[in-house]
Amino acid sequence: MNLQEFYLLEALKEQSKLNLSYKTDHLSGVNYINNIKVPLTFPIRILDFISKTKKTKKTNYCFIGTITKKRNWVKDYNKNSIIIASNRGRDNSKKFDIDEKYYQTLCESKFCLTPVGECNWSYRFFEAIMCHSIPIVEDNSLDIFKDDYIYFYHNETHTYTEKAVLNNYQKFVSSNHFLSNVFT
């Protein structure tokens, strides 16, 4: 089971809708519930946890994850940054738990480096938005969700503003990334 399917199942449990049929399309970053297309879905418990975490910005940039050759650009950030090579998200015994330290670090960072992985999208992009960080994508990023939000490319000048953060957050929370919005 991948994270996308796990999150969708968790969200269906939260809504007491486990009787519905579902499938995930990982490459396209979409789900289908009873053959109706819905976006990537997050369990509300993640947003609840993040909403209780202070958003005091102590760090400019952060990245915690697997650093592949394609993601090597994240190493360019070293001044007042937290860059940690980690395979925790690929460890099936840990990847489905809420990583409190990970989210705390994102909440304390102005910007989050959000390279794509095997697909043309990244959960980290949305996690950054939930944590009031502005996503930074690689130059020429193919991230299929980036154009719906305020973000910066790697080689652009990065300016942190509360307006951008709140715009992203409000857009994300009001979207159908939480099934409570779909079933109301």
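Conventions and cut-offs
- Residues numbered from 1 in each chain as written.
- Predicted model: local features only at pLDDT ≥ 70, side-chain atom pairs only at ≥ 80, totals over all residues.
- Heavy atoms only, no water.
- Helix = DSSP H or I, 4+ residues; strand = E, 2+ residues; numbered from the N terminus.
- Rg over C-alpha atoms; globule rule 2.2 N^0.38 Å.
- Buried < 20%, exposed > 50% of the residue type's maximum accessible area, 1.4 Å probe, protein only.
- Axes fitted to C-alpha atoms, helices over the stretch in contact; angles between N-to-C directions.
- Left-handed = near helix turned anticlockwise from the far one by under 90°.
- Contact = heavy atoms within 4.5 Å.
- Nonpolar A, V, L, I, M, F, W, Y, C, P; charged D, E, K, R; others polar.
- Pairing = 2+ DSSP bridges.
- Phe/Tyr/Trp six-rings, centres within 6.5 Å; stacked < 30°, edge-to-face > 60°.
- Parallel < 35°, antiparallel > 145°, perpendicular 65-115°, else oblique.
- Salt bridge = Lys/Arg side-chain N within 4 Å of Asp/Glu carboxyl O.

A.B. asks: A description of the overall build of the protein chain should follow, citing residues and the corresponding values.
C.D. replies: Each helix and strand counted, the protein chain has 6 helices and 8 strands in total. Ordered by position from the N terminus, the helices and strands of the protein chain form the series α-β-β-β-α-β-β-α-β-α-β-β-α-α. For 184 residues, the compact-globule formula gives about 16 Å, and the C-alpha radius of gyration of the protein chain, at 16 Å, lands near that figure. In terms of overall dimensions, the protein chain has a C-alpha envelope of 50 × 35 × 30 Å along the principal axes. Counting across all 184 residues of the protein chain, residues that qualify as buried make up 48%.

A.B. asks: Quick rundown of the packing of helix α3 (residues 100–107) against helix α4 (residues 123–130)? Include the residues and the values.
C.D. replies: Following both chains from N to C, one finds α3 and α4 inclined at 65°, their axes separated by 9 Å at the closest point. Here α3 runs over α4; the crossing is right-handed. Note on element contacts: α4 touches α3 through R124, E127 and A128, opposite Y102, Y103 and L106. When grouped by side-chain class, the residues that make up the contact of α3 with α4 number 4 nonpolar, no polar and 2 charged.

A.B. asks: Can you break down the sheet that holds strand β7 (residues 134–137) residue by residue, with the values?
C.D. replies: Strand order in the open sheet formed by 5 strands is β5-β4-β6-β7-β8, and the pairing between neighbours is parallel. Every other strand in the sheet has two partners, leaving β5 (81–85) and β8 (152–153) as the edge strands with one partner each. By the bridge criterion, 5 bridges tie strand β4 (residues 59–65) to β5 in an arrangement that is parallel. Note that in β5 the partner of F63 across the bridge is I83.

A.B. asks: Could you give me a rundown of the packing of aromatic side chains, with the residues and numbers involved?
C.D. replies: Each pair of aromatic rings is reported with the distance of its centres and the angle of its planes. Within this structure, the stated rule accounts for 23 aromatic pairs. Between Y7 and Y123 the ring centres are 5.3 Å apart and the planes differ by 80°, which places this aromatic pair in the edge-to-face class. Within this pair, whereas Y7 is found in helix α1 (residues 3–14), its partner Y123 is found in helix α4, the two being separated by 116 residues in sequence. Summarising the burial analysis for this pair, Y7 and Y123 share the class buried. Where F172 meets F178, the ring centres are 5.4 Å apart and the plane angle is 80°; that geometry is what we call edge-to-face. Like F178, F172 is buried. Members of the aromatic cluster, joined through ring pairs, are F6, Y7, F42, W121, Y123, F125, F126, F145, Y149, F172 and F178.

A.B. asks: Describe the packing of α1 against helix α2 (residues 44–51), listing the residues and the values that go with them.
C.D. replies: In the contact formed by α1 and α2, the axes pass within 8 Å of each other and the chain directions differ by 90°. Viewed along their axes, α1 and α2 adopt a mutual orientation that is roughly perpendicular. From α1, F6, Y7, E10 and E14 reach across to α2, where they touch I44, R45 and I46.

A.B. asks: Got a sec to walk through the pattern of salt bridges? Specific residues and values, please.
C.D. replies: Enumeration over the complete set of coordinates arrives at 4 salt bridges. The salt bridge partner of E10 is R45, with a shortest N-O separation of 3.4 Å. Of this pair, E10 sits in helix α1 while R45 sits in helix α2, and the two are 35 residues apart along the sequence. E10 gets classed as buried once you look at its relative accessible area, which sits at 15%. Judged by relative accessible area, which is 27%, R45 ranks as partly exposed. One salt bridge connects K146 with D147, and the closest N-O pair in it is separated by 3.4 Å.

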